[in-house]
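Tertiary structure, described
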Amino acid sequence: MTGEAAIKNTREKRRRLRERLGEDQLIPAPGIFEMISAKIADRMDFDVLYMTGYGTVGSYLGLPDAGLATFTDMLDRASAMAGGTTTALIADGDTGYGGLLNVAHTVRGYEAAGVAGIQLEDQEFPKKCGHTPNRPVIAGTEMVRKIRVAVDTRTDPDFLIIARTDALASKGIDEALRRAEAYAEAGADLIFVEAPESIEQMERIGQAVDKPLVANMVEGGKTPVLPRAELERIGYRLAIYPATGFLAMAKALETVYGAIRDDGSSVAVQDRLGDFRAFSALMGFQEVWDFEERYREG
């Protein structure tokens, strides 16, 4: 695909995603964290994929999502995921990696990479996963300026700005809702109130915020994991599942690696494995073989 065609394709994906967010149905987004998970999710007809910061930092650096990954680290991963998939991608942009100039630089980078939307949060640096403790937040007025910069910096109006507040944990639900309203007024396209701890808190968020809402469904996290119909009733429009993929992977690997350790063989877990030929096709080996055949000597 040529550069011009790729830009046109990216804009079309963003436009379709924005249209879907205007509908009443919830959009589920699986968390992807490296290129195998991205490739698998990409073929499953989702409207959007979600690049999880927790999973991406863990898979790339083997470190906790605690402000240790740089802008370059995350942009490289976002670029690979957006370029290697056909589905719209929302990517975690942490705090914007600094002040207002950094936020502008981050938005330009993510947009140019082909991402459909960026998530920015109001934590102090270094940031932490939203379902872990000790997450101090910056002043709400400072985050409002970051959102305005992000909105003014984007060149494609369909590039989504997702504003996340982590204020609930340290400052309570009332402050979190005040920030949510302020971030919506500043121009954020979606509002993400992180880590409500009950359905009642989720319902308050749904009643108070007049913008599409993001639900963060982390299995084992602070927020109740609810069925689709319940999330729709509350008023959520996007449900991200950042941890589901890497938690499933961890459980599966523990099982099959344990068999190899205990038995010295994978014979006992063959039924737990995917098909090697199908996986090779997913990774693009057929295109390699076709290329080699086309340019074979003689």
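Quick note: structure is the one above.
Notes on the structure follow. For every chain, the first residue of the written sequence is number 1, and numbering continues from 1 along that sequence. The model is predicted, so local features are restricted to residues of pLDDT at least 70 and side-chain atom pairs to those at 80 or more, both for listing and for counting; the totals for chains, interfaces and linings are taken over all residues. Heavy atoms throughout the structure, all of them, feed into the side-chain values; hydrogens and water do not.

Moving on to a nonpolar patch on the surface. On the surface, Ile-36, Ile-40, Met-44, Phe-279, Met-283, Phe-285, Val-288 and Trp-289 cluster together into a nonpolar patch covering about 690 Å² of accessible area. At the level of secondary structure, the elements contributing two or more residues to the nonpolar patch comprise helix H2 (35-42) and helix H13 (285-294). Each helix corresponds to a stretch of at least 4 residues labelled H or I by DSSP, and each strand to a stretch of at least 2 residues labelled E; elements are numbered beginning at the N terminus. The dominant element in the nonpolar patch, judged by the number of residues it contributes, is H13, at three residues. Position of Ile-36 among the secondary structure elements: in helix H2. Like charges are joined within 9 Å and nonpolar side chains (Val, Leu, Ile, Met, Phe, Trp, Tyr) within 5 Å, but only among residues with over 30% relative accessible area and no salt bridge; these make up the patches. Computed by Shrake-Rupley with a 1.4 Å probe, the accessible areas treat only the displayed protein chains as cover when residues are assessed. Salt bridge criterion: a side-chain nitrogen from Lys or Arg within 4 Å of a carboxyl oxygen from Asp or Glu.

Working note: regular strand, side chains alternate between the two faces of the sheet. Each residue is placed in one exposure class: buried if its accessible area under a 1.4 Å probe, protein chains only, is under 20% of its type's maximum, exposed if it is over 50%, and partly exposed if it falls in between. Side chains of strand S2 (residues 48-51) alternate between two faces, with Val-48 and Tyr-50 and Leu-49 and Met-51 buried alike. Bridging between strand S1 (residues 27-32) and S2 involves two bridges; their strand directions are parallel. In the strand pairing of S2, Ile-32 is matched with Met-51. Crossover handedness is defined by viewing with both strands directed away from the observer: a clockwise path from the first strand over the helix to the second marks the crossover as right-handed. Between the parallel elements S1 and S2, the chain passes through H2 in a crossover that is right-handed. Where S2 and strand S3 (residues 88-92) come together, four bridges link them in parallel fashion. When DSSP finds two or more bridges between two strands, those strands count as paired.

Okay, the pattern of salt bridges next. On inspection of all chains with the given rule, the structure shows 28 salt bridges. The residue Glu-121 makes a salt bridge to Lys-127 at a minimum N-O spacing of 3.7 Å. Residue Glu-121 shares its accessibility class with Lys-127, and that shared class is buried. Through salt bridges with shared partners, a single ionic network connects Asp-65, Asp-94, Glu-121, Lys-127, Arg-135, Arg-164, Asp-166 and Glu-194.

Each Phe, Tyr or Trp ring (for Trp, its six-membered ring) is paired with any other whose centre lies within 6.5 Å, and the angle between the two planes then decides the class: stacked below 30 degrees, edge-to-face above 60, tilted in between. Overall, the coordinates contain five aromatic pairs when judged by the stated rule. With 5.9 Å between their ring centres and 85° between their planes, Phe-33 and Phe-246 make a pair best called edge-to-face. With Phe-33 in the loop between S1 and H2 and Phe-246 in helix H11 (residues 244-263), this residue pair connects regions lying 213 residues apart in the sequence. The class for Phe-33 is buried, based on a relative accessible area of 5%. An aromatic cluster is present here, built from Phe-33, Tyr-54 and Phe-246 joined pairwise through their rings. Taking NZ or CZ as reference, Arg-77 lies 3.9 Å from the ring centre of Tyr-60, over its face. The side chain of Arg-164 reaches across the aromatic face of Phe-192, ending 5.4 Å from its centre. By definition, being over a ring means that NZ of Lys or CZ of Arg is both within 6 Å of the ring centre and within 35 degrees of the ring normal.

Let's shift gears to helix H9 (residues 199-208). Of the residues making up H9, those classed as buried are Met-202, Ile-205 and Gly-206. For H9, the angular spread of the buried residues around the axis is 100°, confining them to a single face. Of the residues in H9, the exposed ones pointing more than 90 degrees away from the buried face are Glu-200 and Gln-207. Pairs of residues are marked as contacts when any of their non-hydrogen atoms sit within 4.5 Å. Buried-residue contacts for H9 involve helix H8 (173-185), strand S6 (190-193), strand S7 (213-216), helix H10 (228-234) and strand S8 (236-241). What the arc describes is the spread of directions from the helix axis to the C-beta atoms.

Let's shift gears to the side chain of Asp-65. Mapped onto the fold, Asp-65 is located in the loop between helix H3 (53-61) and helix H4 (71-83). Looking at Asp-65, the relative accessible area reads 9%, which means it is buried. Any pair of nitrogen or oxygen atoms within 3.5 Å is treated as a polar contact; in protein, a donor-acceptor pairing is required on top of that, and neighbouring residues in sequence qualify only through side-chain atoms on both sides. Of the polar contacts made by the side chain of Asp-65, one reaches the backbone nitrogen of Tyr-54; its length is 3.4 Å.

The N-to-C vectors of helix H6 (residues 140-153) and H8 enclose an angle of 25°; their axes lie 9 Å apart at closest approach. On the basis of their axis angle, the class for H6 and H8 is roughly parallel. The interaxial crossing formed by H6 with H8 has right-handed handedness. In contact with Gly-140, Met-143, Val-144 and Ile-147 of H6, H8 contributes Arg-179, Ala-182 and Tyr-183. Under the scheme applied here, ten amino acids are nonpolar (Ala, Val, Leu, Ile, Met, Phe, Trp, Tyr, Cys and Pro), four are charged (Asp, Glu, Lys and Arg), and all others, including Gly, are polar. Class assignment of the residues belonging to the contact of H6 with H8 gives a composition of five nonpolar, one polar and one charged. The convention used is that axes are lines fitted to C-alpha atoms, helices contributing only their stretch in contact, and that angles between N-to-C directions extend from 0 to 180 degrees. We call two directions roughly parallel when the angle between them is under 35 degrees, roughly antiparallel when it is over 145, roughly perpendicular when it lies between 65 and 115, and oblique otherwise. Helix crossings get a hand from a simple test, with the near helix turned counterclockwise from the far one by less than a right angle marking a left-handed crossing and a clockwise turn marking a right-handed one.

Let's shift gears to the side chain of Glu-194. Mapped onto the elements, Glu-194 comes out in the loop between S6 and H9. There is a polar contact of 3.3 Å between the side chain of Glu-194 and the side chain of His-131. A distance of 3.0 Å separates the side chain of Glu-194 from the side chain of Asn-216, its partner in a polar contact. Among all residues touching Glu-194, those that are not within four sequence positions of it are Gly-130, His-131, Arg-135, Arg-164, Thr-165, Asp-166, Leu-168 and Asn-216.

Residue position: Thr-86 is located in the loop between H4 and S3. Residue Thr-86 is classed as exposed on the basis of its relative accessible area, which comes to 58%. Expressed as a C-alpha distance, the spacing of Thr-86 and Lys-39, which sit 47 residues apart in the sequence, is 9.3 Å. If sequence neighbours within four positions are ignored, Thr-86 has contacts with Lys-13 and Asp-42.

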